[in-house]
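Understanding the architecture of this molecule
Take a look at the letters that make up each chain.
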Amino acid sequence: KKWKQLSRLQRSIILFLFAFLAVCGVISFTSMGEPWKSLTNKSLDEQRTEPEIPGLKLVNPAVLPAPQKADANAGDYPELSPQKQPKLPHIRRSPSNLQIKPPRRDVRLKTRHATSKIVEELVQADKEEKTEKSVISWRGAVIEPDQSTEPPSSKIKESEKPSSLEAEGQKEPVPINERQMAVIEAFRHAWKGYKDFAWGHDELKPLSKSYSEWFGLGLTLIDALDTMWILGLKEEFEEARIWVANDLVFDKNVDVNLFESTIRILGGLLSTYHLSGDSLFLEKAKDIGNRLMPAFKTPSKIPYSDVNIGRGTAHPPRWTSDSTVAEVTSIQLEFRELSRLTGDEKFQKAVDEVMKHVHTLSGKNDGLVPMFINTNSGQFTHLGVYTLGARADSYYEYLLKQWIQGGKKENELLEDYMRAIEGVKKHLLQRSQPKKLTFVGELAHGHFSAKMDHLVCFLPGTLALGAHNGLTADHMKLAEALIETCYQMYEQVETGLSPEIVHFNLHAQKGHKDVEIKPADRHNLLRPETVESLFYMYRFTGDKKYQDWGWEILQNFNKYTRVPTGGYTSINNVQNPSNPEPRDKMESFFLGETLKYMFLLFSDDVDLINLDKFVFNTEAHPLPIWVPA
Ligand code: DMJ
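Reading the values: the criteria
Residues numbered from 1 in each chain as written. Predicted model: local features only at pLDDT ≥ 70, side-chain atom pairs only at ≥ 80, totals over all residues. Heavy atoms only, no water. UniProt positions renumbered as here; feature names shortened; annotations may be inferred. Helix = DSSP H or I, 4+ residues; strand = E, 2+ residues; numbered from the N terminus. Buried < 20%, exposed > 50% of the residue type's maximum accessible area, 1.4 Å probe, protein only. Contact = heavy atoms within 4.5 Å. Areas by Shrake-Rupley, 256 points an atom, 1.4 Å probe, with all protein chains shown as cover. Pairing = 2+ DSSP bridges. Phe/Tyr/Trp six-rings, centres within 6.5 Å; stacked < 30°, edge-to-face > 60°. Disulfide = S-S within 2.5 Å. Near = heavy atom within 4 Å. Polar contact = N/O pair within 3.5 Å; in protein donor to acceptor, adjacent residues only side chain to side chain. Nonpolar A, V, L, I, M, F, W, Y, C, P; charged D, E, K, R; others polar. Axes fitted to C-alpha atoms, helices over the stretch in contact; angles between N-to-C directions.

An unreviewed UniProt entry lists the protein chain under the name alpha-1,2-Mannosidase, with Anas platyrhynchos given as the organism. Of the comments in the UniProt record for the protein chain, the one headed Cofactor (unreviewed entry) reads "Ca(2+)". Regarding the protein chain, the relevant UniProt record gives this comment under Pathway (unreviewed entry): "Protein modification; protein glycosylation."

So, in structure tokens, the structure goes:
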């Protein structure tokens, strides 16, 4: 009766209020379910990113994972498993999202049954996680490009994407192209050889279908981890992870080279930690980092070349108390990052001291350093020889890269780098005949030698990186000239593959090319430096010719170094296409660097390891650029 007495308006208001309250009730009931669900059914991703290392205080978390790109055209390659493309921003793509299958062939795995069990568990966890996707929260990158200097520009067009996605910070994944697929195929072929004949050992001997040991630490496997991540080889990655979890033990009475184990093992573990967010890799990185520290216990604090990681003792090579300059000055990116992650400053202190000391040393020639340094006196030795090749190369590379890593604040590093490049221009640059190629020679006691190691071909990439970070445009010009030369070191050779060392002709002679090769120098070890520089050049210029050059090189690796039963081999004679004389060794850097840089070179996605967020160590392991102050 009272209802009827109410006016129409009053009745409508009451009905509206009832409806409103009912809707609110439904909403609050539904949302209660989510936190409860996420507590009891945590995703594997979340479990892995928690600091689970006893005694390890995680000071800085892992940065964003690299975009996982592979398998866009999986149909063409039946072995590749299709990968889910991310739909939401900040959902982390990491190993636990992988489509995991039991290993295809792991007869060499000692822990075969245990392995399958773990794989099964991971598959289960993966399934569970997929159903829980909506509750995964990922904060995304904590490391942003340096804002303190002019924002670098990139010539490669970013992938086209709907503006609505852009507004939400989402990016349409760039599909993998045919050349990238060819790199994936090459990697899988190399990996097949390693898996079948060298699993868990340092290097594959693809012809004798066996392996060689250097440190006995699964060097190829560790070096290749982040490559697999970047290429989207999820199954292979997961299998390798299981080996790292179960079989990688550093408590071994074995001598390792400080530099090589830092750039390949420590660097590889740190970058894989950053890409995957999996704390297993940080745990292992911390372990090896600590075990390498005895190297710094020298009278001068310039580290010894070798460390026994089981005994905690270190020593120089048997015949000298010298260390190699490039070796003691190219371990900084890795140890500094280890300090940043763990909060334990001892790693950074040790390597920073080396740089500070070298900064003050006499014996340089306009910024160019000699090749040796004494661990007792701390002075350069064998003065008067200057090269950008073996034993000095990555000193120059790490000056620039440390400066970038640290947010472009450490002026001494920049000063030393700029001075050194001036030194290169003044003392080491010449032009060859007949093509007038600009090359970097060597200086020995005032005498110029027209010799250039393939190793020097890191330089165009480094120069381009410096220019991209605001250094003088002259550096970019020089980079363009030098990368042309490095390409010619392949192009002018019968197999289309570069030898280890070339000598340039300074005078035109009829019938002679620019490049001359001595019999002792005509081997090719599957080295990365030229494709590394091609990658930087393409990223910064967008000029497709760099991709085409890299494509030619990949085809020649396939033609002359691919072993049918699996793996690739270094060769002894790049001048003999009918018999390049395989050496029966696949270096770990072929998977760690060469194929990774190829894949990145062929990509048009600037966010596939964004060079404003990551800096590559000298073994191609990307490490984050620190947040600028
Ligand atoms: C790698 O171990 C590193 O790139 C190092 O800086 C030089 N030598 C090899 C590759 O050629």
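**Comments concerning the overall build of the protein chain**
For the protein chain, the count of helices and strands is 20 helices and 18 strands. Residues counted as buried form 59% of the 629 residues belonging to the protein chain. Taking as baseline every contact in the protein chain between residues at least 6 positions apart, the subset at least 24 positions apart corresponds to 71%. As displayed, the protein chain offers around 26100 Å² of accessible surface, 54% of which is attributable to carbon and sulfur atoms.

**As for the UniProt feature "active site" (unreviewed entry) in the protein chain**
Using the residue numbers shown here, the UniProt feature "active site" (unreviewed entry) corresponds to Glu260, Asp393, Glu500 and Glu529. Here glutamate 260 lies in helix α9 (residues 258–276). In contact with glutamate 260, not counting residues within four places along its chain, are Trp214, Phe215 and Ile265. Structurally, glutamate 529 is set in helix α18 (residues 529–541).

**Remarks on the sheet that holds strand β15 (residues 501–504)**
One key point about sheets: their strands pair by backbone hydrogen bonds, in either a parallel or an antiparallel sense. With antiparallel pairing, three strands are arranged side by side in an open sheet as β14-β15-β16. The strands lining the two open edges of the sheet, one partner per strand, are β14 (451–453) and β16 (515–516). Where β14 and β15 come together, three bridges link them in antiparallel fashion. In the sheet register, aspartate 453 faces β15, and the bridge partner there is isoleucine 501.

**Notes on the packing of aromatic side chains**
Counted under the stated rule, the structure contains 22 aromatic pairs. Considering the side-chain rings of tyrosine 194 and tryptophan 199, the 6.1 Å spacing of their centres and the 55° angle between planes classify their relative orientation as tilted. Looking at tyrosine 194, the relative accessible area reads 0%, which means it is buried. With relative accessibility at 6%, the residue tryptophan 199 sits in the buried group. Measuring from ring centre to ring centre gives 5.9 Å for phenylalanine 535 and phenylalanine 616, while their planes differ by 85°; the resulting arrangement is edge-to-face. Linking phenylalanine 535 in helix α18 with phenylalanine 616 in strand β17 (residues 614–616), this pair joins segments that are 81 residues apart in sequence. Here the two residues phenylalanine 535 and phenylalanine 616 agree in accessibility, since each one is buried. Through successive ring pairs, a cluster of aromatic residues spans Phe535, Tyr536, Phe540, Tyr597 and Phe616.

**Here's the deal with the state of the cysteines**
In this structure the tally under the stated criterion is one disulfide. A disulfide bridge connects cysteine 457 with cysteine 486, and the sulfur atoms are separated by 2.1 Å. Because the sign of the S-S torsion sets the handedness, a value of about -100° for the bond joining cysteine 457 and cysteine 486 places this disulfide among the left-handed ones. Residue cysteine 457 is located in the loop between β14 and α16 (459–468), and its partner cysteine 486 is located in helix α17 (residues 473–491); the two are separated by 29 residues in the primary sequence. The residues cysteine 457 and cysteine 486 share a single accessibility class, namely buried.

**Side note on the site of the ligand**
Near the ligand you find Ile263, Arg264, Leu455, Arg527, Pro528, Glu529, Phe589, Glu593, Thr618 and Glu619, and these make up its full shell. One nitrogen or oxygen atom from the side chain of arginine 527 is found 2.7 Å from an oxygen atom belonging to the ligand. Interatomic distance of 2.7 Å between a backbone N/O atom of threonine 618 and an oxygen atom of the ligand. Relative to its unbound accessible area of 290 Å², the ligand is 92% covered by the protein chains. Contributions of two or more residues to the shell around the ligand are made by α9 and α20 (588–601). In the shell around the ligand, the residues fall into four nonpolar, one polar and five charged.

**Here we look at the sheet that holds strand β9 (residues 385–386)**
Spatially, three strands are ordered β9-β12-β13 in an open sheet, and the strand pairing comes out antiparallel. Each of the sheet's edge strands pairs with one partner strand only, and the pair in question is β9 and β13 (447–449). Looking at chain direction, strand β12 (residues 442–444) and β13 are connected through three bridges and run antiparallel. Within the sheet, the bridge partner assigned to glutamate 442 lies in β13 and is serine 449. The sheet contacts of helix α15 (residues 411–428) involve β9, β12 and β13, and relative to β12 the element is tilted by about 75°.

**Quick look at the pairing of β15**
A two-sided burial pattern is seen for β15, the buried positions comprising Ile501 and His503 on one face and Val502 and Phe504 on the other. Bridge analysis of β15 against β16 gives two bridges, and the strand direction is antiparallel. The residue of β16 that forms the bridge with histidine 503 is glutamate 516.

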